[in-house]
Amino acid sequence: GNSVTQMEGPVTLSEEAFLTINCTYTATGYPSLFWYVQYPGEGLQLLLKATKADDKGSNKGFEATYRKETTSFHLEKGSVQVSDSAVYFCALWSNDYKLSFGAGTTVTVRA
Amino acid sequence: ETGVTQSPTHLIKTRGQQVTLRCSSQSGHNTVSWYQQALGQGPQFIFQYYREEENGRGNFPPRFSGLQFPNYSSELNVNALELDDSALYLCASSRTGGGSYNEQFFGPGTRLTVL
């Protein structure tokens, strides 16, 4: 079945540091890949997506590239801010009705 | 445009009781999906409703059931509550059609605590 494995946290960074959260997946067919973010006290929000191999999703300074050869979709941001403190979830959708999520990575950015 | 809303925000029940959680979908959306998010884990798919029928189900027992109404709102019912049912329950709405992925928009969730 479909599954997502993402880097375990928590991750603590200083402001303006570089952030990478690794995500790999197992899926049948050609999945679409997503990063969702959950800020404290809020619901899940779609951060970015990529629907086919070599696509790059980007939003709010975050980027992730769909790598079919390594079945990966790593999230990166070049300079994090305190406001980026949240839980980040990698997810996939593979021509069925549900999203499959990773376990989440908690990121804390210190001023 | 009104987003996805859920009620109640928080709920405390005891083992063996029954609970009903409610979700109003975003305007223009015809599909509702429910997810369970245990503490420190990612959301797990429970089921999806489309055109008032269950359209798919995850690995949850039959005591988890649901309904979708003609206005596309939905209920999640859980019977015979167990301690492990304590979690954040998320509802997501989307517009089904075309065979491709249609973005799911999530509500803020209902925090259920079973004592």
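Predicted model only: the values in this text are computed from it and were never measured.

Trainee: Report on the interface of chain A and chain B, specifying residues and quantitative values.
Mentor: Residue-level contacts link 16 residues of chain A with 22 residues of chain B. Between the two partners, chain A and chain B, sit zero salt bridges. Contributions of two or more residues to the side of chain A that touches chain B are made by strand 5 (32-38), strand 6 (44-50) and strand 10 (86-93) of chain A. Residue contributions to the side of chain A that touches chain B peak at four residues, all from strand 5 of chain A. Grouping the amino acids of the side of chain A that touches chain B by side-chain chemistry returns ten nonpolar, five polar and one charged.

Trainee: Could you give me a rundown of unusual backbone geometry, with the residues and numbers involved?
Mentor: At the junction of A:Gly9 and A:Pro10, the peptide bond is cis and its omega measures out at -5° in the coordinates. Tracing the backbone shows A:Pro10 in the loop between strand 1 (3-6) and strand 2 (11-14). Residue B:Pro8 is reached from B:Ser7 by a cis peptide bond, and omega for that bond is -10°. Mapped onto the secondary structure, B:Pro8 falls in the loop between strand 1 (5-7) and strand 2 (10-13). Positive phi is not limited to glycine here, since A:Glu16 has a value of about 75°. Within the secondary structure, A:Glu16 sits in the loop between strand 2 and strand 3 (19-21).

Trainee: Break down the nonpolar core for me, with residues and values.
Mentor: If you look at the biggest cluster of nonpolar residues, it comprises 26 residues, and the most contacted ones within it are A:Trp35, A:Phe73 and A:Tyr88. If you list the elements that add at least two residues to this core, you get strand 2, strand 3, strand 4 (23-26), strand 5, strand 6, strand 8 (62-65), strand 10 and strand 12 (105-110) of chain A. Here this core takes four residues from strand 10 of chain A, the largest share from any one element. Among all residues touching A:Tyr88, those that are not within four sequence positions of it are A:Gln6, A:Ile21, A:Trp35, A:Tyr36, A:Val37, A:Leu47, A:Phe62, A:Leu75, A:Gly104, A:Thr105 and A:Val107. Counting residues in hydrophobic clusters, the runner-up holds 20 residues, among them B:Val19, B:Cys23, B:Leu112 and B:Val114.

Trainee: I'd like a description of the sheet that holds strand 8 of chain A, backed by residues and values.
Mentor: All names here are of chain A. The four strands are arranged 3-9-8-7 in an open sheet whose pairing can be described as antiparallel. Of all strands in the sheet, those with a lone pairing partner are strand 3 and strand 7 (56-59), marking the two edges. Geometrically, the sheet is characterised by an average inter-axis angle of 15° between neighbouring strands, direction not taken into account. Note that strand 7 and strand 8 share four bridges and pair antiparallel. In the sheet register, Ser58 faces strand 8, and the bridge partner there is Glu63.

About the thresholds
Residues numbered from 1 in each chain as written. Chains lettered and ligands numbered in written order. Predicted model: local features only at pLDDT ≥ 70, side-chain atom pairs only at ≥ 80, totals over all residues. Heavy atoms only, no water. Contact = heavy atoms within 4.5 Å. Salt bridge = Lys/Arg side-chain N within 4 Å of Asp/Glu carboxyl O. Helix = DSSP H or I, 4+ residues; strand = E, 2+ residues; numbered from the N terminus. Nonpolar A, V, L, I, M, F, W, Y, C, P; charged D, E, K, R; others polar. Core = buried A, V, L, I, M, F, W, Y, C linked by side-chain atoms within 4.5 Å. Buried < 20%, exposed > 50% of the residue type's maximum accessible area, 1.4 Å probe, protein only. Pairing = 2+ DSSP bridges. Axes fitted to C-alpha atoms, helices over the stretch in contact; angles between N-to-C directions.

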